Every structure is written in structure tokens, then in C-alpha cells.
Amino acid sequence: MTNAHVADGASRIRLSSLQGNLDAEPIISDSTNDLALLRVASPSHLQPLPFRSSGVGLAQSITTLGYPLAGLMGSGIQVTQGVISGLFGAHNDIRLLQFTAPIQPGSSGSPLLDETGAVSGVVSSTFTHAQNMNFAIRHSLAIALMEAANIQYNLQSSAQTLSAAQMVTQTQNAIWRVECAS
């Protein structure tokens, strides 16, 4: 899963991580909610992340893992942390959550993880003339898109809080850089 604004219009999509490279193709894109699902030819070694089974609350701790500024910062995964700072986006947009973890260009499509390592949202945007006013699409919309595409997903079954280091260890193999070419 990534953002529609990342994958739309791409003639070639490649996923990369320290595990290697995979070619991908979009199977469904929801531009209204800025989400896209990608399919890879050989998904056998992909590790899906579980989704949060309940709503999110203000001041809930979150972590993002992704590949911001990958050309400049290298090919390794980057980690930032913050909290849920608002339950709506601009103009009371209920599709979005506001969070404080710093993000950069290239963070789009990264998972917004709760303290158990479950997906709470999909990083989508930021206000460029404000500090840490960042937004993610709610996990419930990501789940709805997967259900519409008849794709199986898992809900978080453990309530065990993870340290940031534990979370990175448990989730980094599930997070891939999405490279698109027109």
C-alpha cells in the first residue's frame, strides 16, 4: 500500500529495501482518499503489517518508518516519532489524522505505527509553512480499500507496547521504498 499521488501515472513501479528489489503494479487507486494498492509478482517473502483494531486518540505515541529524501539520505530506512496531535485534517477533514513526527519528501506512503507496531494510518502530506503539521490517512480507510479489493489483512492481536528499537526490528522488513517512473 502507498499513496495514490505516489503511484498514479507511473509506467514502472519498483519496490526496494535492503532485502532487494521487486517490480510492482497498481491494482487499485483511490484518489479521493489518496491510497493505492500495489501487487508484486513474487510476494512470498513480504511481511504484511497488522492494522490497529480500534480508533486512535489524541497524544497517542506514533512512529513512522520510511525512506524520506532517499537520494540524499541513502537507501536505509529512517525512523521518526511523535504523537497524534489532531483527529482531523485541514477544514475538519475526517479522513485524516494530524501527527507531529517529522516527515520529508519521500515519506508519503509510510506507515504511521502505534505503540504496538500496528498501522494507525498512511502518511500522506504536510503543511510546508508550518512545523510538524503532518497528516496521515486513517487506517480504517486503508482497511476499507483492502476489503473492496478482496485483500486479506491482519488486525493487531497483541497489546504489548514496543520500544522504538523493538518496533524497528519487528517492522522494517515490511517497509519498502516505492520508486516510480513515468
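Residues numbered from 1 in each chain as written. Predicted model: local features only at pLDDT ≥ 70, side-chain atom pairs only at ≥ 80, totals over all residues. Heavy atoms only, no water.

Asks: In this structure, what is going on with the overall build of the protein? I would like to understand it.
Replies: In terms of regular secondary structure, the protein is built from 4 helices and 10 strands. Taking 16 Å as the expected radius of gyration for a compact globule of 182 residues, we find that the protein reaches 15 Å, a close match to that expectation. C-alpha extents for the protein along the principal axes are approximately 40 × 35 × 35 Å. Looking at the 182 residues of the protein, the share that counts as buried comes to 42%. For the protein, long-range pairs separated by at least 24 residues make up 64% of all intrachain contacts whose partners lie at least 6 apart in sequence. With an accessible surface of roughly 9300 Å², the protein has 51% of that area assigned to carbon and sulfur atoms. (Helix = DSSP H or I, 4+ residues; strand = E, 2+ residues; numbered from the N terminus. Rg over C-alpha atoms; globule rule 2.2 N^0.38 Å. Buried < 20%, exposed > 50% of the residue type's maximum accessible area, 1.4 Å probe, protein only. Contact = heavy atoms within 4.5 Å. Areas by Shrake-Rupley, 256 points an atom, 1.4 Å probe, with all protein chains shown as cover.)

Asks: Explain the sheet that holds strand 2 (residues 20-30) here, please?
Replies: Remark on secondary structure: sheet strands pair via backbone hydrogen bonds, oriented parallel or antiparallel. Spatially, 4 strands are ordered 3-2-1-10 in an open sheet, and the strand pairing comes out antiparallel. Each end of this open sheet is capped by a strand with a single partner; those strands are strand 3 (35-40) and strand 10 (177-181). Mean inter-strand twist for the sheet, computed between neighbouring axes without regard to direction, equals 40 degrees. The strands that helix 3 (residues 139-148) touches are strand 2 and strand 3; relative to strand 3, the one it contacts most, it runs at about 50 degrees. (Pairing = 2+ DSSP bridges. Axes fitted to C-alpha atoms, helices over the stretch in contact; angles between N-to-C directions.)

Asks: Quick question: what am I supposed to make of the packing of aromatic side chains here?
Replies: For the structure on display, the rule yields 2 aromatic pairs. Note on Phe 127 and Phe 135: the rings are 5.1 Å apart at their centroids and 70 degrees apart in plane angle, and the pair reads as edge-to-face. Residue Phe 135 is classed as buried on the basis of its relative accessible area of 3%. (Phe/Tyr/Trp six-rings, centres within 6.5 Å; stacked < 30°, edge-to-face > 60°.)

Asks: What is the right way to read the pattern of salt bridges from this model?
Replies: A side chain with one charge may pair with a side chain of the opposite charge, provided their charged atoms come close. For the structure shown, the criterion picks out 4 salt bridges. For the salt bridge of Asp 114 with Arg 52, the shortest nitrogen-to-oxygen distance reads 2.7 Å. Here the residue Asp 114 occupies a position in the loop between strand 7 (111-113) and strand 8 (119-126), and Arg 52 occupies one in the loop between strand 3 and strand 4 (61-66), the gap between them amounting to 62 residues. Arg 52 matches Asp 114 in its accessibility class, with the two residues each being buried. When the shortest N-O distance is used, the salt bridge between Asp 93 and Arg 95 registers 2.6 Å. Judged by its relative accessible area of 17%, Asp 93 falls in the buried class. (Salt bridge = Lys/Arg side-chain N within 4 Å of Asp/Glu carboxyl O.)

Asks: Is there a simple way to think about the environment of Leu 141 in this case?
Replies: Position of Leu 141 among the secondary structure elements: in helix 3. The sequence separation of Leu 141 and Ile 175 amounts to 34 residues, and the corresponding C-alpha distance is 19 Å. Ignoring sequence-local partners within four residues, the contact set of Leu 141 consists of Asn 33, Leu 35 and Arg 95.

Asks: In this structure, what is going on with the confidence of the model for the protein? I would like to understand it.
Replies: Close inspection of predicted coordinates is inappropriate for parts of the model with low pLDDT. For the protein, per-residue confidence averages 92 on the pLDDT scale, and residues scoring 70 or more make up 98% of the total. Per-element confidence in the protein ranges from a low mean pLDDT of 70 for helix 2 (residues 70-73) to a high of 98 for strand 6 (residues 96-99). (pLDDT = per-residue confidence, 0-100.)

Asks: In this structure, what is going on with the layout of surface pockets? I would like to understand it.
Replies: The probe, sized like a water molecule, is rolled over the atoms to show the empty space still left. Size it by volume and the largest pocket reaches roughly 1200 Å³. The wall of the largest pocket is formed by 38 residues, among which Met 1, Thr 2, Leu 15, Leu 38 and Ala 174 lie closest to the centre. Only helix 1 (4-7), strand 3, strand 8 and strand 10 provide two or more residues apiece to the lining of the largest pocket. The leading source of residues in the lining of the largest pocket is strand 3, at 4 residues. (1 Å grid on protein atoms, 1.4 Å probe; cavity = no way out; pocket = protein on both sides within 12 Å on 5 of 7 lines; lining within 4 Å. Points joined across faces, edges and corners; volume = space filled by probe spheres on them.)

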